[in-house]
Amino acid sequence: MTSIQRWSEQGLALLELLLVVSFSQAEEPLCRQRGDPENPPLFQDGDIMLGGIFSFHSSWKDRQETYRHKPLPLECTSLNFRGFQFAQAMLFAIEEINNTTDLLPGISLGYKMYDSCGSIARSVRVALALANGNDVISASSETPCTKPAQVQAIMGETSSSPCMAIATVIGPFHIPLISHYATCACLSDKTKYPSFLRTIPSDYHQSRALAQLVKHFGWSWVGAIRTNDDYGNNGMATFTETARQLGICLEYSVSFFRTDPPDKILKIINLIKVSTSKVIVAFLSHLDMDVLIHELSYHNLTGYQWVGSEGWIFDSQTAEMNRHHILDGAIGLSIPKAHVRGMREFILNVKPLHSSSNEMFTEFWEALFSCKFKQSTGNQRECTGHEDLTHVHNSFTDMSLMPIFNNVYKGVYAVAHALHSILGCNETCNNKVQLNPFTILQRIRRIQFKTKEGEEVYFNEDGDPAAKYEIINWQRAENGFVEFVTVGLYDASLPADKQLNLQNTSIIWTQNSKQVPVSVCSEKCPPGTRKVLQKGKPVCCFDCIRCAEGEISNVSDSVSCVRCHPEFWSNERRDACVKKEAEFLSYEEIMGALLTAASLFGTCMTVVVALIFFRNRKTPIVRANNSELSFLLLFSLTLCFLCSLSFIGRPSEWSCMLRHTAFGITFVLCISCVLGKTMVVLMAFRATLPGSNAMKWFGPAQQRISVLSFTLIQVVICILWLTLSPPFPFKNFKEFKDKIILECALGSALGFWAVLGYIGILAILCFILAFLARKLPDNFNEAKFITFSMLIFCAVWITFIPAYVSSPGKFSVAVEIFAILASSFGLLICIFIPKCYIILLKPEKNTKKNIMGKVTRK
């Protein structure tokens, strides 16, 4: 159990005892005070009394109580010059008010100031002394024991924990307690502390400002050390919550108190050594920081960037202890600089022999000048009481805490303005008004005035002033001393995006660097990657995983990758979506150019054959086997070659409908002509048989009708296909990840396979008939060539089906064009080239007798 805990428990027990004794009607004839009276070290009578509680000593001797006898009074140790400075600031304000006629004319303010020694229990005890007075016995038995408070308001205490205890005790009596340095956000709770006010901003704003400061510099991985009291614990709790919201992680968060055993502080030192964070947020009082910096210096822990609260960041005594440059470059929040005319001179003008409490000021004077009023046996010189502070440099002559002195000054003036209003002061004040602490408290809450320096003073509904801070940076001057350089401002009253205003260029960081330190658990994930949390670690510790194909992240530290629109694909760095390359069989590429050339060559070749046949149309070889069907076949072959061109180029609505229907109709026309020629061969042979009139039933008219009929059936199929579900241009995103395949969707697969199937049926029928007629007696039996051409045709289209289905993208179109050209060339070459050979190279065979097989052999 720590001494703080022990004194807290003893303080509560003492509180219960005092409350019962002091505020209940005694059964005895006279009202008597139990216990020893508490006499104020500093006292001055006045018409209206104000109380003050300050730590003139910072510690006390710890005693183990046996509870068998009455505890001895607390023995305070370690004289605290700051407590005297605060008391002097209060005295300055009181004297200034007493010496002016503008405020409380004709009314003098008196004071009672007590030493709390930094003890919570003693703070409660002296607060009750201020409320009750120190009268040992009442004037008469007729006088009731309950009476008005001895003081109308109390200035103090310096720390949050004593203020919480005091406010809890005096709260029910509505005595205003105005603190100049207690910053715990918990004190803003008016249900618990209704009579508490302060002239320093709440830590709620400071903690949030510190978190925003850490976020501003990109520190996401920090350590945290706090004072183990209400100030540190509550302040760090708010910081931790705000930091979590801003994406900041705490590697560790530890607490200690200056009276803790050395091994606990050593554990903190070792924790800092093994940590990876390079930024430490210290929510400490200056006394605790002094203890910590001593250990840090002993272990030479330099190179860390410290972020401090107002409790120590602008404390000159702490800066003087930074001889090993442990805290060089520290940055943090401080109360805005202030100047009060005449206060510095008043504080330094201390004459103990004229003081109301020689004992307290004698101790203070001896410590201040390192002398003794009574001749000592040592080397210390004797005090005269007229020593000069001009050449003395210590924590008392240091005025760096002037903003806090100003807070004490504003607190006294707030009470004075409230009294001025209640007493109806103009040229004089109404002395007959019965003062009531509750009325004074309510009036202080609503007070609003300006100090002589023009600073506006008011309290919000929580009893807090406006939250404004200076951001200061510790910079080492040429003379070796630390300078507190203002590098920014924080104003909680402004919009959230304008509250923090920093001048980054003027900041000097740890180890005299001008580069902002880096403190992260994991480096930022660059664009093109996403964060994946490391198992069992805070959210600030992560691995960077590259985005998958088709996904991007275009910002740093992205938690997820975004999939690109189907028409886009991720670039190589995965930080942007680029439009996919549209792939289709074009005329510009080699394959498209070759197929176009083959198509045009086939067309030209067909035209040449047609011209040859036209010029020799009266020769037997052309007239044989129906020259009309031959010309129609040549025309259809020309269309077949040309329709392959509709498959090349960017697919459009019209080209998709044209390519398949043109292909289907022209090929049926072509096969119908070949089928007609095959049937002519068969009918011609049967016509040579005795009594046969086959040609009568399959003459030119019937041949035309058969070709037209076969073709019309395909036309009907195509019309139904185009009407019900026509082909349409389609962007295929599935075939390739990084390409868009522009192709023609079939619309109706049934329609496509019906067109192709009908062509196949006619081709097979033609092949069968030609096969049957291949051995007919004829010197030029066209059926043989038709059989061979149909064999090629069927072979091409049978192999086309698996090749078409398995070919990706534009290659499926190329396969279809190749099948069209191959089958067209097969028909052209097998049926017409032999005839052209005879016409051009063997004209002697182009006779009727030779064709009929009647040439005499020699």
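Criteria and cut-off values
- Residues numbered from 1 in each chain as written.
- Predicted model: local features only at pLDDT ≥ 70, side-chain atom pairs only at ≥ 80, totals over all residues.
- Heavy atoms only, no water.
- Disulfide = S-S within 2.5 Å.
- Helix = DSSP H or I, 4+ residues; strand = E, 2+ residues; numbered from the N terminus.
- Buried < 20%, exposed > 50% of the residue type's maximum accessible area, 1.4 Å probe, protein only.
- Contact = heavy atoms within 4.5 Å.
- Polar contact = N/O pair within 3.5 Å; in protein donor to acceptor, adjacent residues only side chain to side chain.
- Phe/Tyr/Trp six-rings, centres within 6.5 Å; stacked < 30°, edge-to-face > 60°.
- Lys NZ or Arg CZ within 6 Å of the ring centre and 35° of its normal.
- pLDDT = per-residue confidence, 0-100.
- Core = buried A, V, L, I, M, F, W, Y, C linked by side-chain atoms within 4.5 Å.

### Remarks on the state of the cysteines
And then number 1: As enumerated under the stated definition, the model contains nine disulfides in all.
And then number 2: Note on cysteine connectivity: C564 is disulfide-linked to C577, with sulfurs 1.9 Å apart. An S-S torsion of about -90° defines the bridge between C564 and C577 as left-handed. Taken together, the residues span a long stretch of sequence, with C564 in the loop between β24 (562–563) and β25 (568–570) and C577 in strand β26 (residues 577–579) at a distance of 13 residues.
And then number 3: A relative accessible area of 29% means that C577 is categorised as partly exposed.
And then number 4: Disulfide pairing is shown between C656 and C744; the S-S distance is 1.9 Å. Because the sign of the S-S torsion sets the handedness, a value of about -80° for the bond joining C656 and C744 places this disulfide among the left-handed ones. With a gap of 88 residues between them, C656 in helix α17 (residues 653–687) and C744 in strand β29 (residues 739–745) connect regions that are remote in the sequence. Neither C656 nor C744 differs from the other in exposure class; each is buried.

### Considerations on the environment of V433
And then number 1: Along the polypeptide, V433 turns up in the loop between α12 (402–422) and α13 (437–446).
And then number 2: Exposure remark for V433: the relative accessible area of 29% places this residue in the partly exposed category.
And then number 3: For the pair V433 and L423, spaced 10 residues apart in the sequence, the C-alpha separation amounts to 6.3 Å.
And then number 4: Once residues lying within four places of it in the same chain are set aside, the contact partners of V433 are I422 and L423.

### Let's talk about the side chain of Q475
And then number 1: Checked against the element boundaries, Q475 lands in strand β18 (residues 468–476).
And then number 2: In this structure Q475 comes out as buried when scored by relative accessible area, which is 15%.
And then number 3: Polar side-chain contacts of Q475 include one of 2.9 Å to the side chain of N473.
And then number 4: Residues contacting Q475, with those up to four places away along its chain left out, are F481, V482, E483, V485, V487, S506, I507 and I508.

### A word on the packing of aromatic side chains
And then number 1: All chains considered together, the criterion is met by 25 aromatic pairs.
And then number 2: Measuring from centroid to centroid gives 4.7 Å for Y409 and Y413, while their planes differ by 45°, and the two rings are tilted. Of this pair, Y409 and Y413 are both found in helix α12, four residues apart, which corresponds to roughly one turn of the helix. The burial state of Y409 is the same as that of Y413; both residues are buried.
And then number 3: Among the aromatic residues, those joined into a ring-pair cluster are F54, F56, F81, F84, F364 and F396.
And then number 4: Over the face of the ring belonging to F736 we find K739, whose NZ or CZ atom lies 5.6 Å from the ring centre.

### Quick notes on the confidence of the model for the chain
And then number 1: Averaged over all residues, the pLDDT of the chain equals 84, while 87% of them reach at least 70.
And then number 2: Note that pLDDT drops below 50 for residues 137–141; the model gives that stretch seven contacts with residues more than four away or on any other chain.

### Examining the nonpolar core
And then number 1: Among the nonpolar cores identified, the biggest contains 130 residues, and M90, L104, I225, L292, W306, W312 and F396 are the most heavily contacted of them.
And then number 2: Ranked by the residues each element gives to this core, the list is headed by α12, at 13 residues.
And then number 3: Core analysis: the next-biggest nonpolar cluster, separate from the first, contains 67 residues, V622, I671, V755 and C836 among them.

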